[in-house]
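# Close look at the chain arrangement
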Number of protein chains: 2
Amino acid sequence: MNIITTGMLKKERHAFIIRQINLHNKVLSSDLGLQLQVSEDTVRRDLNELAESGKIIKVHGGALSKSFHFPYEQKDVYAQDSKKEVARKAIGLISEGMTVLTGGGTTMLEMARLVPDDLEATFFTISPVVALELAEKKLLTVNLIGGTLNKNAQVNMGAKTISDLSEIGVDLCFLGTNGIDLKEGITDSEWEVLQVKKAMIKASARIAIMCISEKLNSVKKMKVCSLSTIDYLITDLSPTDPKLRPYEGNTKII
Amino acid sequence: MNIITTGMLKKERHAFIIRQINLHNKVLSSDLGLQLQVSEDTVRRDLNELAESGKIIKVHGGALSKSFHFPYEQKDVYAQDSKKEVARKAIGLISEGMTVLTGGGTTMLEMARLVPDDLEATFFTISPVVALELAEKKLLTVNLIGGTLNKNAQVNMGAKTISDLSEIGVDLCFLGTNGIDLKEGITDSEWEVLQVKKAMIKASARIAIMCISEKLNSVKKMKVCSLSTIDYLITDLSPTDPKLRPYEGNTKII
DNA sequence: CTTTATTTTGCGTTATCATGCAGTATTGAT
DNA sequence: ATCAATACTGCATGATAACGCAAAATAAAG
């Protein structure tokens, strides 16, 4: 257990830390300092870097494995400000009496929370989490599209979901995305997700993509749709931000 | 049950507390103090933080599960033990590879929590809350029946739900009920609920009614089905309890 | 092989956080 | 109304973190 180490390079320390975390689900800065024979400052800097790139979760006193299993109710705790900003803007697109379709994810959940109490509208969603949040608003009609619950994404997927989506028609669809790029348009890395998104797009008169700025200009494996399909692009940036300029066209930047 | 823990990070304590609450529906600050080896002050501060972010409901002496805080009931913490007992017994009816259909409500939720991690089975449910809880179990396939989310009961209802239910066939259906009586059988007070329950019964080879003993011998306005339809009656009482004697017949008392 | 630039690291300082304790207030049950 | 259990407040203490800077190590260039 006691690993003696001398003159390790930063990369090696990082690897060591990741290994320790995978092994124990947690590490203490103080322990690492001793094991790696470096100051705790260095350890803390290492942990910061690893946390920055999303490999671990840094907490006071050390760090936790990212797969640290939290019960579902708190998976969404870390809704970053950028997501909140996107959600806030998205709400502006919804007007009285509208029929809206949404996916899942933290940004959508945040949007559900921000729906004003006096809005009367009809929502369809594939996300039970979003549905439950929307159900808090007294004037909304909330329809949950059924299907097989995907454990990671916590949204319904599969054949049933897609066939049910083909039976509805809505005014506006809010979609999150991991990949958005000028040339490739909207892309995704999971095939199942791709199918569902395509079905959602077909079901909707207008499409709004919600996307935090750090995901701009990234391409994933498979294409969902081209940019021309998108009616609104909602980001945390100002609509006049130069980074968004290339996306102007058919798409309204919000 | 006495879990020994040393040098836990705050986040770990939080996760531990959430797990305990999910397990028992309630925690006492005093217990947590001992289990986590910290002062009750620290426990209380932890509980405050968790309550602050809406993950639990803090009460005098400890905290309660949030999803336990269903719109309808919440009176006494200890009456819930009977539901737990019903849920525990219900689990016994589920065997490997089975296809199961469930409704919503606290007893169902409790059952979902108690499903063993190593059970491989397929679940259908009309409750997003139950679905999300079931999704925590790695080996389960969870299918959520769509529909219009009823804000009070937090289950899907309406025409879509009923037509979807008509398309499936399962081995066993777990139903809660407010009214059960020798002569009238299973009764309910809401028309919408009635329709859904009937559809669930039609979809299932066998029917299990889950019912805490205080609801025995009560009649509601509308009839769901007669007692002869019921295969299992699960209560918090011993199967040999004289109160249950009258219900013996086609129905197996558990 | 120097010399120079860049990065990394450790240390002192200051700020922040976490925790337990003592005293006081509040609660809930009888 | 009383009493014991539970909660909250403020504070002291030790732990951890952040900041800035200078020494050391590493890489790059001449």
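The rules behind these values
- Residues numbered from 1 in each chain as written.
- Chains lettered and ligands numbered in written order.
- Predicted model: local features only at pLDDT ≥ 70, side-chain atom pairs only at ≥ 80, totals over all residues.
- Heavy atoms only, no water.
- Pairing = 2+ DSSP bridges.
- Helix = DSSP H or I, 4+ residues; strand = E, 2+ residues; numbered from the N terminus.
- Axes fitted to C-alpha atoms, helices over the stretch in contact; angles between N-to-C directions.
- Contact = heavy atoms within 4.5 Å.
- pLDDT = per-residue confidence, 0-100.
- Buried area = accessible area lost by both parts, 1.4 Å probe.
- Salt bridge = Lys/Arg side-chain N within 4 Å of Asp/Glu carboxyl O.
- Polar contact = N/O pair within 3.5 Å; in protein donor to acceptor, adjacent residues only side chain to side chain.
- Parallel < 35°, antiparallel > 145°, perpendicular 65-115°, else oblique.
- Left-handed = near helix turned anticlockwise from the far one by under 90°.
- Nonpolar A, V, L, I, M, F, W, Y, C, P; charged D, E, K, R; others polar.
- Buried < 20%, exposed > 50% of the residue type's maximum accessible area, 1.4 Å probe, protein only.
- Near = heavy atom within 4 Å.
- Expected span 1.5 Å × (residues − 1).

### What about the sheet that holds strand S3 (residues 62-65) of chain A?
Residue and element names in this part refer to chain A. Taken in spatial order, the three strands of this open sheet run S1-S3-S2, and their pairing is antiparallel. Looking at the sheet topology across the chains shown, the edges are occupied by strand S1 (26-28) and strand S2 (56-59). On average, each strand axis in the sheet is tilted by 20° relative to the strand beside it, whichever way the strands run. Bridge count between S1 and S3: three bridges; the pairing is antiparallel. Residue pairing in the sheet places leucine 28 in a bridge with glycine 62 of S3. The sheet contacts of helix H2 (residues 29-36) involve S1 and S3, and relative to S1 the element is tilted by about 75°.

### Thoughts on the confidence of the model for chain A
All names here are of chain A. Put simply, chain A has an average pLDDT of 84, and 89% of its residues get 70 or more. Taken together, the stretch residues 1-6 has pLDDT below 50 and engages in eight contacts with residues farther than four places along the chain or on a different chain. Below a pLDDT of 50 lies the segment residues 71-79, which in the model reaches 25 contacts outside its immediate sequence neighbourhood of four places, other chains included.

### Notes on the interface of chain B and chain A
In this assembly, 39 residues from chain B lie in contact with 40 residues from chain A. Between chain B and chain A, the buried area comes to about 3,200 Å², and carbon and sulfur atoms account for 58% of it. For chain B, the biggest contributors to the area lost against chain A are Lys11(B), Leu132(B) and Lys151(B); these three give 22% of the whole. Taken together, the connections running from chain B to chain A amount to five salt bridges. Note that Lys160(A) is salt-bridged to Glu167(B), the shortest N-O span being 3.6 Å. Counting across the interface, chain B meets chain A through twelve residue pairs in polar contact (both at pLDDT 80 or more). Broken down by secondary-structure element, the contributors of at least two residues to the side of chain B that touches chain A are helix H1 (10-24), helix H6 (128-134), strand S6 (141-144), strand S7 (147-150) and helix H7 (159-165) of chain B.

### Points about the packing of helix H1 (residues 10-24) of chain A against H2(A)
Packed helices, taken two at a time, are described by the angle their axes make and the gap between the axes. All names here are of chain A. Between H1 and H2, the least distance of the axes is 12 Å, while the angle of their chain directions is 130°. Taken as axis vectors, H1 and H2 run oblique relative to one another. The hand of the H1/H2 crossing is right-handed. On the side of H1, the interface is formed by Arg13, Phe16, Ile17 and Gln20, while H2 contributes Leu32, Gln35 and Leu36. Tallied by class, residues from the contact of H1 with H2 come to four nonpolar, two polar and one charged.

### Here's the deal with the environment of Asp31(A)
Residue and element names in this part refer to chain A. Looking at the element boundaries, aspartate 31 is found in helix H2. Look at aspartate 31 and you get partly exposed, because its relative accessible area is 38%. When the C-alpha atoms of aspartate 31 and asparagine 178 are compared, they prove to be 37 Å apart, with 147 residues separating the residues in sequence.

### Examining the sheet that holds strand S5 (residues 122-125) of chain B
The strand order across the open sheet built from nine strands is S8(A)-S7(A)-S6(B)-S5(B)-S4(B)-S9(B)-S12(B)-S14(B)-S15(B), with neighbouring strands paired in mixed fashion. The open sheet terminates on both sides in strands that have one partner only, identified here as strand S8 (155-157) of chain A together with strand S15 (252-253) of chain B. Where strand S4 (residues 99-102) of chain B lies against strand S9 (residues 170-176) of chain B, three bridges are found, and the strand directions are parallel. Each bridged residue has a counterpart across the sheet, and for Val100(B) the counterpart in S9(B) is Leu172(B). Contacts between helix H8 (residues 191-202) of chain B and the sheet are confined to S4, S9 and strand S12 (204-210) of chain B, with S9(B) contributing the most and set at about 155° to the helix.

### Brief notes about the protein's contact with DNA strand C
Neighbouring DNA strand C are 16 residues; Arg13(A), Thr42(A), Arg13(B), Thr42(B) and Arg45(B) lie closest to it. The sugar-phosphate backbone supplies 62% of the atoms of DNA strand C found within 4 Å of the protein. With respect to DNA strand C, the side chain of Asp41(A) contributes an N or O atom lying 3.3 Å from a base nitrogen. Between DNA strand C and Thr42(A), the relevant distance is 2.3 Å, taken from a phosphate oxygen to a side-chain nitrogen or oxygen of the residue. Only H1 and helix H3 (40-52) of chain A together with H1 and helix H3 (40-52) of chain B provide two or more residues apiece to the surface near DNA strand C. Partitioned by chemical class, the residues of the surface near DNA strand C number two nonpolar, six polar and eight charged.

### A short note on the protein's contact with DNA strand D
Near DNA strand D lie 18 residues; those nearest to it are Arg44(A), Gly61(A), Arg44(B), Gly61(B) and Gly62(B). Sugar and phosphate atoms form 74% of the subset of DNA strand D atoms that lie within 4 Å of the protein. One of the backbone N or O atoms of Val59(B) is found 3.5 Å from a phosphate oxygen in DNA strand D. Classifying every residue of the surface near DNA strand D by side-chain character gives two nonpolar, ten polar and six charged.

### Describing H8(B)
Compared with an ideal rise of 1.5 Å per residue, which puts twelve residues at 16 Å, H8(B) spans 17 Å between its outermost C-alpha atoms and is within 8% of the ideal. Buried residues of H8(B): Val193(B), Leu194(B), Val196(B), Lys197(B), Ala199(B), Met200(B) and Ile201(B), and no others.

### Here we look at the pairing of S3(A)
In regular strands, side chains alternate between the two faces of the sheet. All names here are of chain A. Across four bridges, S2 lies against S3 in antiparallel orientation. Residue pairing for S3: isoleucine 57 is matched across the bridge by leucine 64. From the end of S2 to the start of S3, which pair antiparallel, there are two residues, and glycine 61 there has a positive phi angle of about 100°.

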